Amino acid sequence: MPGQFAKTDLLKNAGYVYNFERMMYINRRDKKAFSYEFIDDNLEPVIKSKIQEPNREQDWHIYTSLPMSDGAKKELIRVLQ
């Protein structure tokens, strides 16, 4: 599973912290969150591009493999604030 370690190292080096309760890598400064499934389902270059993608609106960007309901997304953003 060397690919998985490279992915998590990429996130950690970019300032993301794993939240066990939410099963997400979260960076509150950049207002971005990646679900464990998204990390598992995507290749390192995809994750790297999403990390480097500018967040001009300063709204939360939440990357998941499956779509989130509006209610679940609002609740997650409320908790992350």
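Refer to the structure presented above.
The structure presented is a predicted model; accordingly, all values stated were derived computationally and were not measured. In this convention, every chain numbers its residues from 1, walking through the sequence in written order. Confidence filtering applies because this is a predicted model: local features only for residues at pLDDT of at least 70, side-chain atom pairs given and counted only at 80 or more, and all residues used for totals across whole chains, interfaces and linings. Each side-chain value is derived from all of the structure's non-hydrogen atoms; neither hydrogens nor water enter the calculation.

1. A closer look at the side chain of Thr8
Which entries qualify depends on this criterion: In this description a helix means any DSSP run of H or I spanning at least four residues, a strand means any run of E spanning at least two, and both kinds are numbered starting from the N terminus. Whenever two N or O atoms come within 3.5 Å, that pair is a polar contact, provided that in protein one can donate a hydrogen and the other can accept it, and provided that, for residues adjacent in sequence, both atoms are side-chain atoms.
On the secondary structure map, Thr8 appears in helix α1 (residues 2–13). Within the structure, Thr8 has its side chain in polar contact with the backbone oxygen of Phe5 (distance 3.0 Å).

2. A word on the side chain of Asn55
Quick note on the threshold: Any two residues whose heavy atoms approach within 4.5 Å at even a single point are treated as in contact.
You can see Asn55 is positioned in the loop between α3 (44–52) and β4 (61–63). When residues no more than four places from it in sequence are discounted, the contact partners of Asn55 are Asp30, Lys31, Lys32 and His61.

3. Looking at the nonpolar core
The cut-off we apply is this: The set of buried Ala, Val, Leu, Ile, Met, Phe, Trp, Tyr and Cys residues whose side-chain atoms join them within 4.5 Å is what this entry labels a nonpolar core. Burial status follows relative accessibility: with a 1.4 Å probe on protein chains alone, a residue under 20% of its type maximum counts as buried, one over 50% as exposed, and anything between as partly exposed.
Leu10, Leu11, Tyr16, Tyr25, Phe34, Phe38, Ile39, Ile47, Ile51 and Tyr63 form the largest nonpolar core, which has 10 residues in total. Every element with two or more residues in this core is listed here: α1, α2 (36–41) and α3. Residues within four places of Leu10 in sequence aside, it is in contact with Glu44, Ile47, Lys48 and Ile51. In this structure, Met24, Ile26, Ile62 and Leu80 belong to the second largest nonpolar core, which totals 7 residues.

4. A word on the pairing of strand β2 (residues 24–27)
Definition in use: When DSSP finds two or more bridges between two strands, those strands count as paired.
Of the two faces of β2, the one lined by Met24 and Ile26 and the one lined by Tyr25 and Asn27 are each fully buried. Pairing analysis gives 3 bridges linking strand β1 (residues 17–19) to β2, with the strands arranged antiparallel. In the sheet register, Tyr18 faces β2, and the bridge partner there is Tyr25. Hairpin remark: β1 followed by β2, antiparallel, with 4 residues in the connecting loop; positive phi at Met23, about 55°. Pairing of β2 with strand β3 (residues 32–35) involves 4 bridges; the strand directions are antiparallel. Residue Tyr25 lies in a different strand from β3, and its bridge partner there is Phe34. Counting the residues in the hairpin turn of β2 and β3 gives 4 residues, including Lys31, whose phi is positive at 55°.

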